[in-house]
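# Notes for the structure review
Residues per chain, in single letters:
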Amino acid sequence: SKYPLDCGFNALTLSDRNLIIGREKSLAEPLKSLPLANTNQGYAGCTALYADVTVITADPSIEKACKGIGIPVYKISGRDISLPGYNEGFIGGAGGAFDKTVCIFGSPEYSKSAREVEEYCKANSLSLVCLENGPLTDRGGVKFVKIKEL
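Report follows, based on the coordinates. Computed from a predicted model, the values in this text were never measured in an experiment. (Residues numbered from 1 in each chain as written. Predicted model: local features only at pLDDT ≥ 70, side-chain atom pairs only at ≥ 80, totals over all residues. Heavy atoms only, no water.)

### Considerations on the pattern of salt bridges
- All chains considered together, the criterion is met by six salt bridges.
- Across the salt bridge formed by D52 and K100, the nearest N and O atoms sit 3.1 Å from each other. Of the two residues, D52 sits in the loop between β4 (48-51) and β5 (54-57) while K100 sits in the loop between β7 (95-98) and β8 (101-105), which places them 48 residues apart along the sequence.
- Judged by relative accessible area, K100 falls into the partly exposed class, the value being 43%.
- For E132, the salt bridge is made with R139, and the minimal N-O distance between the two is 3.1 Å.
- Classification of E132 as partly exposed rests on a relative accessible area of 23%.
- The exposure class assigned to R139 is partly exposed, which follows from its relative accessible area of 48%. (Salt bridge = Lys/Arg side-chain N within 4 Å of Asp/Glu carboxyl O. Helix = DSSP H or I, 4+ residues; strand = E, 2+ residues; numbered from the N terminus. Buried < 20%, exposed > 50% of the residue type's maximum accessible area, 1.4 Å probe, protein only.)

In structure tokens form, the structure reads like this:
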């Protein structure tokens, strides 16, 4: 489908806060019953990365939604994130975070946005893992799952 019907499950998950951030009008029905911070950005899961207790984003509507509910935001430039086939990519698609580790597809020596993420990690005692050498690239993101023994 075309926007806004192609982003029904594209929400930013803040599991430690039992909250998602997304565009309520675009979300699939099952997500609308969850605690939600509404934003104008339909691709909230792509345009932001939740690391530790902070949302990293270049998107002003994500920033506004977060600030409106007291979630810290670390603003990056975001203009130099590559997405093959498109003009630019997004930080949520260029990485992911788990516990005190942030993983990105790219390296700080090639990208201002990656340097900004590196600065955030250093300032907040987080580990940065560069999954590849080169420009920061949107590859669809990194998702982590905690597995509990049954």
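### Let's talk about the sheet that holds β8
- Taken in spatial order, the three strands make up an open sheet running β7-β8-β9, and their pairing is mixed. The strands lining the two open edges of the sheet, one partner per strand, are β7 and β9 (127-132). Neighbour-to-neighbour, the strand axes of this sheet turn through a mean angle of 20°, independent of strand direction.
- Looking at chain direction, β8 and β9 are connected through five bridges and run parallel. Following the sheet pairing, F105 is matched in β9 by E132. (Pairing = 2+ DSSP bridges. Axes fitted to C-alpha atoms, helices over the stretch in contact; angles between N-to-C directions.)

### Looking at the side chain of T57
- As for its placement among the helices and strands, T57 is situated in strand β5.
- Of the polar contacts made by the side chain of T57, one reaches the backbone oxygen of T47; its length is 2.7 Å.
- Those residues in contact with T57, other than ones at most four positions away along the chain, are T47, A48, I62, E63, V73, Y74, K75, I76 and I91. (Polar contact = N/O pair within 3.5 Å; in protein donor to acceptor, adjacent residues only side chain to side chain. Contact = heavy atoms within 4.5 Å.)

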